[in-house]
Amino acid sequence: MKTADYVSKVVEVVSDLTGIDKGEILGRGKAAEVVDARWMVVKLAREAGYYPAQIAKVMGISVRHIQAVLADFDTRMRYFDSFMRSNYEEAAKLLRSN
């Protein structure tokens, strides 16, 4: 599957789970729930085997930012947001079943 197609699919799943608009997820919003959703998209795309450069190109952010998200994702999920953890786990399960 093309990177853009997969990322779009992930954005749709995350948007449905969180109630955050797809445009907000791919935008520049800084609200915590929007950032969490964006981070989930990055992590799920990486777990599907896409490289940071591919993800960055589709999402319109830098490779360095993608790398920072991936490096800090587990810490953020573990210490800051149990809601993010449950949404992330549900999104991963839905993507695996599709």
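For the structure, check the block above.
Source: prediction; values computed, not measured.

## Focus on the nonpolar core
- Ranked by size, the top nonpolar core spans 32 residues in total, and within it Val-14, Val-41 and Leu-44 carry the most contacts.
- Here this core gets 9 residues from one element, more than from any other, and that element is helix H3 (residues 32–47).
- Once residues lying within four places of it in the same chain are set aside, the contact partners of Val-14 are Gly-19, Ile-25, Ala-37, Met-40, Val-41, Leu-44 and Ala-91.

## A few points about the pattern of salt bridges
- All chains considered together, the criterion is met by 2 salt bridges.
- Between Asp-36 and Arg-76 there is a salt bridge, and its shortest N-O distance comes to 2.7 Å. Of the two residues, Asp-36 is situated in helix H3 and Arg-76 in helix H5 (residues 63–79); the sequence distance between them amounts to 40 residues.
- By relative accessible area, Asp-36 is classed as buried at 7%.
- For Arg-76, a relative accessible area of 21% puts it in the partly exposed group.
- Between Glu-90 and Lys-93 there is a salt bridge whose closest N-O contact spans 3.7 Å.

## Some points on H3
- The terminal C-alpha atoms of H3, which comprises 16 residues, lie 22 Å apart, in line with the 22 Å expected from a rise of 1.5 Å per residue.
- Of all 16 residues making up H3, 12 are buried, and the element is well covered by its neighbours.
- Taken together, the buried positions of H3 are occupied by Val-34, Val-35, Asp-36, Ala-37, Arg-38, Trp-39, Met-40, Val-41, Val-42, Lys-43, Leu-44 and Ala-45.
- Looking at the buried positions of H3, the neighbouring elements they touch are helix H1 (3–18), helix H2 (22–26), helix H4 (52–59), H5 and helix H6 (82–97).
- Just downstream of H3, Gly-49 is the residue with a positive phi angle, here 105°.

## A short note on the packing of H3 against H5
- Interhelical geometry of H3 versus H5 gives an angle of 105° and a closest axis separation of 10 Å. The angle between the axes of H3 and H5 places the two elements in the roughly perpendicular class. Between H3 and H5, the contacting residues are Ala-32, Val-35, Asp-36, Trp-39, Met-40, Val-42, Lys-43 and Arg-46 on the first element and Ile-66, Val-69, Leu-70, Asp-72, Phe-73, Asp-74 and Arg-76 on the second.
- Of the residues assigned to the contact of H3 with H5, the class counts are 9 nonpolar, no polar and 6 charged.

Here is what the cut-offs are and how they apply
Residues numbered from 1 in each chain as written. Predicted model: local features only at pLDDT ≥ 70, side-chain atom pairs only at ≥ 80, totals over all residues. Heavy atoms only, no water. Core = buried A, V, L, I, M, F, W, Y, C linked by side-chain atoms within 4.5 Å. Buried < 20%, exposed > 50% of the residue type's maximum accessible area, 1.4 Å probe, protein only. Helix = DSSP H or I, 4+ residues; strand = E, 2+ residues; numbered from the N terminus. Contact = heavy atoms within 4.5 Å. Salt bridge = Lys/Arg side-chain N within 4 Å of Asp/Glu carboxyl O. Expected span 1.5 Å × (residues − 1). Axes fitted to C-alpha atoms, helices over the stretch in contact; angles between N-to-C directions. Parallel < 35°, antiparallel > 145°, perpendicular 65-115°, else oblique. Nonpolar A, V, L, I, M, F, W, Y, C, P; charged D, E, K, R; others polar.

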